[in-house]
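The residues making up each chain are set out below.
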Amino acid sequence: MLLTIGGLITCYGQTDYAITSKGDTLRGEIKILPTDLADQVQVKINKKKKVYLCTEVITVVQDGVVYKTVKFDNRFRYMQLLKSGFLSLYGFRMPQQSSYDGRYLQTLDGRGLEMPNLTFKRSLSKFLEDCPTVSERVKNGDFNRNEIEKIIDEYNTCLQFKSTKRNAEVPSSTVILTNTQEVDNLMKKVEEAPDFATKKDALDLLKDLSSKVYRDEILPNYLVKELRTNLKDQPAFAEELEKILTKAKK
């Protein structure tokens, strides 16, 4: 951003910018402010400073380095984006440190895992189980912790192949619409049913299911598992759910 004042040209953060949760781009001098509850970022434009929560500004680019808002350890914080894809790798600040030496993995569906040390093979292979070939290689020790970027590349290639294959077999829009309506009908029945212990969670999960079915997406394992858990004590709903899952992408 160039500003001409009294014949002087002042340049404010031409390469630095922030993107809000609404999609607006803020260009200026950027300063990340770590806090105990939720990180903040200060944006200075035209000598005016404004501080935003990391839930308000979700992307920060500073000196060419990208930082994203990530929920981790029950709070939101800025993490340095090191590698992106179906599975992304982030760097985060360890306690009492200013550098981003911690490592955190997060999938597009929101699942996350702090890079394990002692339980590397067991924890990571379970985390990547939706791609059995990569999961098994990690479990068997074909990769070590220092090869995490290679693991991510292979996992993302695996997910890309699955996505491409399924897109080539996309059912007609009529089938998708029918499947979505079945989810919405189940959601309506659950909503009208007498209260039960997991009703609210079940409705939230069904909303997520409906949006994924409508977009013809692969259902993440965690969603299927949680839906079954939340409806297991409601036999009629559980049976209807299984019929829907049989038709959906898994």
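Residues numbered from 1 in each chain as written. Predicted model: local features only at pLDDT ≥ 70, side-chain atom pairs only at ≥ 80, totals over all residues. Heavy atoms only, no water.

Side note on the pairing of strand S9 (residues 65-72)
- Bridge analysis of strand S8 (residues 57-62) against S9 gives four bridges, and the strand direction is antiparallel. By the bridge assignment, Val60 is partnered in S9 with Tyr67.
- Hairpin remark: S8 followed by S9, antiparallel, with two residues in the connecting loop; positive phi at Asp63, about 55°.
- Where S9 and strand S10 (residues 75-83) come together, six bridges link them in antiparallel fashion. The residue bridging Tyr67 from the neighbouring strand is Gln80, located in S10.
- Linking S9 to S10, which pair antiparallel, is a turn of two residues; within it Asp73 sits at a positive phi near 55°. (Pairing = 2+ DSSP bridges. Helix = DSSP H or I, 4+ residues; strand = E, 2+ residues; numbered from the N terminus.)

Let's talk about the sheet that holds strand S7 (residues 48-53)
- Pairing in this open sheet of three strands is antiparallel, and the strands run S5-S6-S7 from one edge to the other. Both edges of this open sheet fall to strand S5 (29-33) and S7, since each of them pairs with a single strand only. On average, adjacent strands in this sheet sit at an angle of 20° to one another, irrespective of strand direction.
- In terms of strand pairing, strand S6 (residues 40-45) meets S7 through six bridges, oriented antiparallel. Opposite Lys44, over in S7, you have Lys49 as the bridge partner. (Axes fitted to C-alpha atoms, helices over the stretch in contact; angles between N-to-C directions.)

Some words on the pattern of salt bridges
- Within the structure shown, the criterion is met by eleven salt bridges.
- Residues Asp204 and Lys200 are paired through a salt bridge, measuring 3.4 Å at the closest nitrogen-oxygen approach. Of the two residues, Asp204 and Lys200 are both situated in helix H5 (residues 199-214); the distance of four residues between them amounts to about one turn of the helix.
- Using a relative accessible area of 37% as the deciding quantity, one classes Asp204 as partly exposed.
- Its relative accessible area of 61% is what places Lys200 among the exposed residues.
- Among the charged side chains, a salt-bridge network with shared partners connects Asp109, Arg111 and Asp130. (Salt bridge = Lys/Arg side-chain N within 4 Å of Asp/Glu carboxyl O. Buried < 20%, exposed > 50% of the residue type's maximum accessible area, 1.4 Å probe, protein only.)

Re the confidence of the model for the chain
- Confidence along the chain averages 84 in pLDDT terms, with 86% of residues attaining 70 or more.
- Below a pLDDT of 50 lies the segment residues 1-13, which in the model reaches 22 contacts outside its immediate sequence neighbourhood of four places, other chains included. (pLDDT = per-residue confidence, 0-100. Contact = heavy atoms within 4.5 Å.)

Describing unusual backbone geometry
- The residue Asp63 is not glycine, and still its phi comes out positive at about 55°.
- Its location among the elements puts Asp63 in the loop between S8 and S9.
- The phi dihedral of Gln96 falls on the positive side, at around 65°, and the residue is not glycine.
- Turning to its location among the elements, Gln96 is positioned in the loop between strand S11 (87-92) and strand S12 (102-107).

Here's the deal with the sheet that holds S11
- Strand order across the open sheet formed by eight strands is S4-S3-S8-S9-S10-S11-S12-S13, with antiparallel pairing between neighbours. If you trace the sheet from one side to the other, it starts and ends with strand S4 (25-27) and strand S13 (112-114), each paired once. Here the strands of the sheet are splayed against their neighbours by 30° on average, with no regard to which way each runs.
- With three bridges connecting them, strand S3 (residues 17-20) and S4 associate as antiparallel partners. If you follow Ile19 over to S4, its bridge partner there is Thr25.

A closer look at H5
- Taking 1.5 Å per residue, 16 residues should reach 22 Å; H5 reaches 22 Å between its end C-alpha atoms and fits that length.
- Buried within H5 we find Lys199, Ala202, Leu203, Leu205, Leu206, Leu209, Ser210, Lys212 and Val213.
- Within two residues after H5, Asp216 carries a phi angle of roughly 60°, on the positive side. (Expected span 1.5 Å × (residues − 1).)

Some words on the state of the cysteines
- Tallied over the entire structure, the rule returns one disulfide.
- With its sulfur 2.0 Å from that of its partner, Cys131 forms a disulfide with Cys158. Because the torsion about its S-S bond is 120°, the bridge between Cys131 and Cys158 counts as right-handed. Placement of Cys131 in the loop between helix H1 (120-127) and helix H2 (132-139) and of Cys158 in helix H3 (residues 148-167) is noted, with a sequence separation of 27 residues between them. (Disulfide = S-S within 2.5 Å.)

Here we look at the nonpolar core
- Core analysis: the largest hydrophobic core is formed by 22 residues, its most contacted members being Leu186, Val190, Leu206, Leu209, Leu227, Phe237 and Leu241.
- The set of elements that each furnish at least two residues to this core consists of helix H4 (173-192), H5, helix H6 (221-231) and helix H7 (235-247).
- With six residues, the single largest contributor to this core is H5.
- Counting 19 residues, the second largest nonpolar core, distinct from the first, contains Leu87, Met115, Cys131 and Tyr155. (Core = buried A, V, L, I, M, F, W, Y, C linked by side-chain atoms within 4.5 Å.)

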